[in-house]
Amino acid sequence: MEPTSSSSIPVELSEDDLRGVERVVQRLRRARRVLAVTGAGMSADSGMPTYRGVGGLYRSERPTAHGFSIEEVLSGPMFRERPELTWNYLKEIERACRGARPNRGHRVLAEMDGYFDSVWVLTQNVDGLHGAAGSRHVLDVHGDLHEILCTHCDYRTRVETYDGFADPPYCPSCRSVLRPDVVLFGESLDPRKIRQLEIELVRGFDVVFSIGTSSLFDYIVAPLRMAQAAGKTTVEVNPDFTAMSGLVEVKIRARAAIALDRIWEGHLEWWPHT
Ligand SMILES: [Zn+2]
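Residues numbered from 1 in each chain as written. Predicted model: local features only at pLDDT ≥ 70, side-chain atom pairs only at ≥ 80, totals over all residues. Heavy atoms only, no water.

1. Re the UniProt feature "binding site: Zn(2+)" (unreviewed entry) in the protein
1) Next: Within this structure's numbering, the places UniProt gives as "binding site: Zn(2+)" (unreviewed entry) are C150, C153, C171 and C174. What stands out for the annotated residues spanning 25 residues is how close their C-alpha atoms remain, the widest pair being 8.5 Å apart.
2) Next: With a relative accessible area of 6%, C150 lands in the buried category.
3) Next: In contact with C150, not counting residues within four places along its chain, are Y155, C171, C174, S176, V177 and L178.
4) Next: Among the structural elements, C153 can be located in the loop between β4 (143–150) and β5 (156–158).
5) Next: Non-local contacts of C153, meaning those with residues more than four positions away in its chain, are made with C171, S173 and C174. (UniProt positions renumbered as here; feature names shortened; annotations may be inferred. Buried < 20%, exposed > 50% of the residue type's maximum accessible area, 1.4 Å probe, protein only. Contact = heavy atoms within 4.5 Å. Helix = DSSP H or I, 4+ residues; strand = E, 2+ residues; numbered from the N terminus.)

Now the structure itself:
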C-alpha cells in the first residue's frame, strides 16, 4: 500500500490561489446554501493515507497476500463468500484511520453551519471525521467504518476501533457475521442517502465546493455540474488537477485545511461588519 504523498505541496498559497480565495470569500457573502463535496484529500491533513476505492480510502494495484485484488477482497461477493478475508483488509483500513482527528478543514465546514441557512457535506470518506468535527448535515455516501451492523438481525453498534474483533466478528445476539456500514465494491449506495442528496440538490446551492476528490463518480460530479448550469459558484480545492479543474469557476491548488482556513479567515473578517 502506497499512500499518495502531499508533503511536496507548499503551505503558502500562490498569488493565483490567494485571488481564488478572495473570490470565494466574496461569493460566500451572498450565499445561503453551501455544499461541500469531500474526498480523501480532505482527510489527508488528518494524517490519513489517500487511498481511493472503498470510501475514497483504499486502492492498490498490488494483489493481496491471497492473490486477489484489493477490489475483489473488499467486494460484496467476497464478503459473502469469505468474510474473514474482507475483514482482514477492513481491519487494515481501520488501523490506518485510527487516532485520526478532524483537521482545520473539517472544523471550518462544521463552523459554517452557524453562518448560512444550510450547509451540507457530501463525503466519500468513511472515517467519520465530518461528524466528529460537528457538521450537522453529512451525507456519507460510502458509509462509516465505525458503524457496525449485523448481516442478519437489527443489531447495530458504534465502535472506536476494531481491536478485539475476531476474523470475522459475530453478532452477540444471533451469531451471524457482523460488517461495517460501508459500501463495498459491487454494492449499491444507500438509496435513502441518495434520495436526500437529490432533495437538497433540487433545493439548490449557491456555492458548491469540491475538496480533495478526484471526482470520478457521477454522484460526486453531478452537484458541481448542476450548480454550474444554474449559474452558481463552483470551487475546487485540490493540490492536483482533476477532470473538474477546468470547469469550476474557482480552482485553488492547495490542501484542504490550508485553503479552507484562509477562506474562513476572510469570511469572518467581513462578517462582524454587516
Ligand atoms: Zn445479529
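Okay, back to it.
2. Notes on unusual backbone geometry
1) Next: D167 connects to P168 through a cis peptide bond whose omega is 0°.
2) Next: The residue P168 is located in the loop between β5 and β6 (178–182) in this model.
3) Next: For R175, which is not glycine, the phi torsion reads 70° and is therefore positive.
4) Next: Following the sequence through the fold, R175 ends up in the loop between β5 and β6.

3. Brief notes about the sheet that holds strand β1 (residues 33–38)
1) Next: Here 6 strands make up an open sheet; going across it, the order is β3-β2-β1-β7-β8-β9 and the pairing parallel. Two strands in the sheet have a free side with no partner beyond their single neighbour: β3 (138–140) and β9 (250–252). For this sheet, the mean inter-axis angle between neighbouring strands, taken without regard to orientation, is 15°.
2) Next: As defined by bridge partners, strand β2 (residues 118–123) adjoins β3 across 3 bridges and the pair is classed as parallel. Across the sheet, residue V121 finds its bridge partner in β3, namely V138.
3) Next: Contacts between helix α1 (residues 15–29) and the sheet are confined to β1, β7 (207–211), β8 (233–237) and β9, with β9 contributing the most and set at about 130° to the helix.
4) Next: Lying over the sheet, helix α10 (residues 256–270) contacts β7, β8 and β9, oriented at roughly 155° with respect to β7. (Pairing = 2+ DSSP bridges. Axes fitted to C-alpha atoms, helices over the stretch in contact; angles between N-to-C directions.)

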